[in-house]
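Coordinate analysis (summary)
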Amino acid sequence: MSVQQDKDNISLEWIKDQLNGFADLIDKTIVTSFGQVDLLYIKSVADSQILSRNVIAPFYEMENINAYQNYILTYPGSEEATTKDKAIELLLSGYILLGLKNTFCFFDAMNTEISGVNETSAESISQGPSDALTEDIAVNMNMIRRRYQSTNLKMETMVIGDVSKTKIAILYDDSRVDKNVLKELREKMGTLKVDILQATGELEKFISSDKLRILPKSIITERPDRVVFNLSEGKVAIMLDTTGYAIVLPSIFNDFFTSMDDKIQFPIVGRFLKLLRIIGVGMTLWLPAFYVTLTSYNPEIIRVQIALLISGSRATVPYPSFVEVLLMLMMMEFLTEASLRLPKAIGPTATTVGGLILGQAATAAGLVGNIMIILVSAVAISNFLIPLNMMSLSIRVLKYIFLFAAAFLGLIGVVVCVVGFAMYLCKQRSFGQPYFRLFFLDNLGKKKGGGH
């Protein structure tokens, strides 16, 4: 369990140099009348209670330094590090390095956070880890470092908010991150002046360079495994104290359709699931607009049987198809919002029963057609396929732009919106990275420094 300082050229200075950039690295020296001991450990993965009870307290109770050294050497659970790599590995795992005279001792003080860690609620998956980030930044760092045990994982801290004094941690892999992205982020964070900062969503808006954006350019996630995966891809993660979400940037269009389930499935299955989500986005944006177009402007495009079927279902509807679609979409929005605001015990039941009753009653009264009910249900289900809530909300809003264009210009309006949306995606940048590069993630991790 001990390592001589001259063995393999291990020294405190060398270890500190390897861990340079670790904002949670603690370097202390405790002194008594018979000697001193140097302590070096990573606060986020070492248990402070074990340190206080089993390392510091016995030091003040011992008669001499030799007795204390014998106590440390014979303590069960501690390990010996015979190489530089082993010494770093033990520190990253939660061990405490003790410098006693000319000897290094590694004391087992691993801290595994389980209390206060809840399961994910906004990004649930069928397989894989289920733990979520918490409102304690120290606990979050523990979960991240346990999954990412590398000396290249750097952590910078700062305080933002003249009143709230919110502590912020910036995480990145120094060997993979794009230095230009990191520089731009530091500049924006350095010039940020606010009184109160309480949520990651607020910070995401503050650091965004495009104030009139329609789509999100940074992922806000509650999953530590998503944070770790993106760190390994050369991205930057920002965590706030008092909130259980992290910001991942730069993020592109493709990122928002990736579920952590995709990393567990076979590659062909993962790509198929992502394709389903992209198809779902297309259905959400285009189905209501195409319904209005084919019903009111260009019924000759579809087969005669389908045109007659739609016309028959709308025989009793007293207003244009645009009003019919808008009415049902707004009712679906009301039900979705109600499900979020009602207590969890009754929310899903109340909104499900309410939706069924409203749909059936509206059809029976002749206010909407049967096909309209099917279409709205398909749109709602398709929108919920998107794994990240920020993109889902943006798509929910965008579909009304397509709907109004179809109502005023028919098929031409839909085509103009599709082309305009594609041009908008191609034009956008996320911290200098092309927003619409679909296979960006596949190449990012293979190139040092982000490969941009």
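Please refer to the structure placed before this passage.
Now for a quick tour of the structure.

Conventions we followed
Residues numbered from 1 in each chain as written. Predicted model: local features only at pLDDT ≥ 70, side-chain atom pairs only at ≥ 80, totals over all residues. Heavy atoms only, no water. Phe/Tyr/Trp six-rings, centres within 6.5 Å; stacked < 30°, edge-to-face > 60°. Lys NZ or Arg CZ within 6 Å of the ring centre and 35° of its normal. Helix = DSSP H or I, 4+ residues; strand = E, 2+ residues; numbered from the N terminus. Buried < 20%, exposed > 50% of the residue type's maximum accessible area, 1.4 Å probe, protein only. Contact = heavy atoms within 4.5 Å. Pairing = 2+ DSSP bridges. Axes fitted to C-alpha atoms, helices over the stretch in contact; angles between N-to-C directions. Patch = residues over 30% accessible without salt bridge, like charges linked within 9 Å, V, L, I, M, F, W, Y side chains within 5 Å. Areas by Shrake-Rupley, 256 points an atom, 1.4 Å probe, with all protein chains shown as cover. Salt bridge = Lys/Arg side-chain N within 4 Å of Asp/Glu carboxyl O. Core = buried A, V, L, I, M, F, W, Y, C linked by side-chain atoms within 4.5 Å.

**Some words on the packing of aromatic side chains**
Given two aromatic rings, their pairing is described by the distance between the two centres and the angle made by the two planes. With the rule as written, the count across this model stands at 11 aromatic pairs. Linked through ring pairs, F34, F59, Y60, Y68, Y71, Y75 and F107 together constitute an aromatic cluster. Across the ring face of F431, the terminal group of K188 is positioned such that the distance to the ring centre comes to 4.5 Å.

**With respect to the side chain of E204**
You can see E204 is positioned in helix α7 (residues 200-207). Under the relative-accessibility criterion, E204 is labelled buried at 3%. Filtering out sequence-adjacent residues up to four positions away, E204 remains in contact with R213, K217, S218, I220, I247 and M390.

**Focus on the sheet that holds strand β7 (residues 166-173)**
Taking strand neighbours across the sheet as the criterion, the five strands line up as β6-β7-β9-β10-β8 in an open arrangement whose pairing is antiparallel. The outermost strands of the open sheet, each flanked by one partner alone, are β6 (153-160) and β8 (219-221). Going across the sheet, the axis of each strand differs from the next one's by a mean of 25 degrees, ignoring polarity. Direction of pairing for strand β9 (residues 236-240) relative to strand β10 (residues 246-249): antiparallel, over a ladder of four bridges. Looking across to β10, one finds that I238 is bridged to I247. The strands that helix α6 (residues 179-190) touches are β6, β7, β9 and β10; relative to β7, the one it contacts most, it runs at about 170 degrees.

**Side note on a nonpolar patch on the surface**
Together, F272, L275, L276, I279 and M283 give the surface a local cluster of nonpolar side chains, amounting to about 430 Å² of exposed area. Tracing the chain through its elements places L275 in helix α9 (residues 267-297).

**Some points on the pairing of β7**
In terms of burial, β7 is largely enclosed, as seven of its eight residues are buried. The pairing of β6 with β7 spans eight bridges and is classified as antiparallel. Within β7, the residue paired with L153 across the bridge is D173. Both β7 and β9 contribute to a ladder of five bridges, which runs antiparallel.

**Things to note about the nonpolar core**
Counting 62 residues, the largest nonpolar core has I144, L171, L215, V227, L231, M391 and Y435 as the members making the most contacts within it. With nine residues, helix α14 (residues 389-409) is the single largest residue contributor to this core. In this structure, V227 is in contact with L133, I144, T221, A237, A246 and V248, ignoring residues within four places of it in sequence. Formed by 21 residues, the second largest nonpolar core is a distinct cluster that contains I160, Y172, V177 and V236.

**Description of the pattern of salt bridges**
Where charged atoms from two side chains of opposite charge come close, those side chains can pair. For the structure shown, the criterion picks out 13 salt bridges. With its nearest N and O atoms 2.9 Å apart, the salt bridge here joins D24 to R145. Linking D24 in the loop between α1 (12-18) and β2 (25-32) with R145 in helix α5 (residues 137-147), this pair joins segments that are 121 residues apart in sequence. Residues D24 and R145 agree in their burial class; the two are buried. A salt bridge links E337 to R396; the nearest nitrogen and oxygen atoms lie 3.7 Å apart. One end of the pair, E337, is in helix α11 (residues 321-341); the other, R396, is in helix α14, with 59 residues separating them in the sequence. Exposure remark for E337: the relative accessible area of 29% places this residue in the partly exposed category. Each of E333, E337, R396 and K399 takes part in a single network of salt bridges with overlapping partners.

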